[in-house]
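Observations on the model geometry
Here is what each chain is made of, one letter per residue.
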Amino acid sequence: MIRRNLPFAAIAVIALVAAPLLLEPFRLSLLAKYLCYAIVALGIGLAWGQGGMLTLGQGVFFGLGGYSMAMYLKLSESGGGLPDFMVWSGVEELPALWAPFADPVFALTMAVAGPVLLAVVLGTLVFRQRVRGAYFAILTQALAAAMVILLVGQQGLTGGTNGMTNFFELFGADLADDSTQRVLYLVVAGVLGMLYLATRQLVNSRFGRLLVAVRDGEDRVRFLGYDPALVKTVTFAVSAGLAGLAGALFVPVVGIISPALLGVVPSLELVVAVAVGGRQVLAGAVLGAVVMGYAQTTFSEQFANGWLYLQGALFILVMTLAPKGIAGLLGRLRRARTA
């Protein structure tokens, strides 16, 4: 067990210690952004890779967490008054929905509890009806599209198409300061590490084995007396909670949350990242999110007019040479070397 944990421990040490020393503040902030996406990918790896639930709407849960944090930051900076975008939109009184988010504890709680509650309700309704496969994927994709329409249509409540930006302070710390961004990176990296260990422990537990059994033979599990709908709902809720927490961390790191970050396309990009990394291995899902995030930034900087084609080519190349993703390819190379 110790030897199996050594690679993860080595990567964690490098991420926590070396990256802040070697990277300039802008690149460190980008890495923190990739790690936020990696937390979402971890949830997708759990739901899709381990449970067989292809969820194409994780952007919804990511957005709920992000908007919860953004609402707190806006209220904190306004000093009890109206946020700037509400003033521009002609809102004269703070909406009742916003008032509780002045409390940071409530905002952080809702960033996780809101997505979990939505996932529990949706999962209970869907999985009890034995909806699965492509039908479940399309349903989650439709949820993401509906969420974007709702946010865009509520200009005075959510900032509309532009979303929310211009965040200056977090708990009294200047978000533009390099030291604050360094601390935020350490927080995101630490949270990702703890969540990875907890998720892997869940996968290796009896519940994790039952989840894999549901993925491979749901009807057989039902005949054995277990409730596959409950197992899938719990897993879906955990995945949603991870995405919500990632959204809450994303906002102070990047400084913006908008409908463009949580629609159908961003949700699909996260699924592609998990597929590239290896959906059946949790570490592969995390690696895929970081690799795809880095590739997107690099290609867009060097090939502004064609980076989407290069990103697509990277996906096709990995899927052609390694159908199980980068993690599967590394595992195959390790077995070949051992043999």
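Before any of the text, the structure's been laid out above.
What you see is a predicted model, and the numbers here were worked out from it, not measured in a lab.

Rules behind the numbers
- Just so you know, the residues in each chain are numbered from 1, in the order the chain's sequence is written.
- Residue-level local features of this predicted model are given only where pLDDT is at least 70; pairs of side-chain atoms are given and counted only at 80 or more, and the full residue set underlies all totals for whole chains, interfaces and linings.
- As a rule here, side-chain values cover all heavy atoms of the structure and leave hydrogens and water aside.
- Every patch collects residues that have over 30% relative accessible area and no salt bridge, joining them within 9 Å if they carry like charges and within 5 Å if they are nonpolar side chains (Val, Leu, Ile, Met, Phe, Trp, Tyr).
- All accessible-area figures derive from a Shrake-Rupley calculation using a 1.4 Å probe, and residue coverage is judged against the displayed protein chains alone.
- Here, a salt bridge means any side-chain nitrogen of Lys or Arg that lies within 4 Å of a carboxyl oxygen of Asp or Glu.
- To qualify as a helix, a DSSP run of H or I must reach at least 4 residues; to qualify as a strand, a run of E must reach at least 2; elements of each kind are numbered from the N terminus.
- Only protein chains enter the area calculation, which uses a 1.4 Å probe; residues under 20% of their type maximum are buried, those over 50% are exposed, and those in between are partly exposed.
- The criterion used for residue contact is that any of the two residues' heavy atoms lie within 4.5 Å.
- Only C-alpha atoms enter the line fits that serve as axes; for helices the fit covers just the stretch in contact. Angles between N-to-C directions range over 0 to 180 degrees.
- Every angle not falling under 35 degrees, over 145, or within 65 to 115 is termed oblique; those three ranges are roughly parallel, roughly antiparallel and roughly perpendicular.
- Nonpolar core, defined: a set of buried Ala, Val, Leu, Ile, Met, Phe, Trp, Tyr and Cys residues in which side-chain atoms within 4.5 Å join the residues together.

1. Looking at a nonpolar patch on the surface
Nonpolar side chains collect at one region of the surface, where Val-17, Leu-21, Leu-22 and Leu-23 lie side by side and expose about 430 Å² of accessible area between them. Turning to its location among the elements, Leu-23 is positioned in the loop between helix H1 (2-22) and helix H2 (25-50). Residue classification places Leu-23 among the partly exposed residues on the basis of a relative accessible area of 34%.

2. So, the side chain of Thr-55
Mapped onto the elements of the fold, Thr-55 is located in the loop between H2 and helix H3 (58-78). Judged by relative accessible area, Thr-55 falls into the buried class, the value being 1%. Thr-55 has contacts with Ala-47, Phe-136, Thr-140, Phe-236 and Val-271, leaving out every residue within four places of it along the chain.

3. Remarks on the pattern of salt bridges
Inspection of the entire model under this criterion finds eight salt bridges. Measuring nitrogen to oxygen at the nearest pair gives 3.0 Å for the salt bridge that ties Arg-132 to Glu-218. You can see Arg-132 sitting in the loop between helix H5 (104-127) and helix H6 (134-153) and its partner Glu-218 sitting in helix H10 (residues 218-223), a full 86 residues away along the chain. One network of salt bridges, with partners in common, ties together Arg-132, Glu-218, Asp-219, Arg-222 and Lys-232.

4. Some details on the packing of helix H8 (residues 178-204) against helix H11 (residues 228-254)
Between H8 and H11, the least distance of the axes is 10 Å, while the angle of their chain directions is 170°. Taken as axis vectors, H8 and H11 run roughly antiparallel relative to one another. Touching Gln-181, Leu-184, Val-187, Val-188, Val-191, Leu-195 and Thr-199 of H8 are Leu-242, Leu-245, Leu-249, Pro-252 and Val-253, all from H11.

5. Here's the deal with the nonpolar core
Ranked by internal contacts, the top residues of the largest apolar core, which has 85 residues, are Ile-39, Met-164, Tyr-185 and Ile-257. Of the residues forming this core, the biggest block, 17 residues, is contributed by H2.

6. Digging into unusual backbone geometry
The phi angle at Arg-130 is positive, at roughly 60°, despite the residue not being glycine. Mapping Arg-130 onto the fold places it in the loop between H5 and H6. The residue Asn-166 is not glycine, and still its phi comes out positive at about 60°. With respect to the element layout, Asn-166 can be found in the loop between strand E1 (164-165) and strand E2 (169-170).

7. Observations concerning the environment of Gly-49
Note on placement: Gly-49 falls in helix H2. Residues Gly-49 and Leu-282, spaced 233 residues apart in sequence, show a C-alpha to C-alpha distance of 8.1 Å. If sequence neighbours within four positions are ignored, Gly-49 has contacts with Ile-44, Arg-215, Arg-279 and Gln-280.

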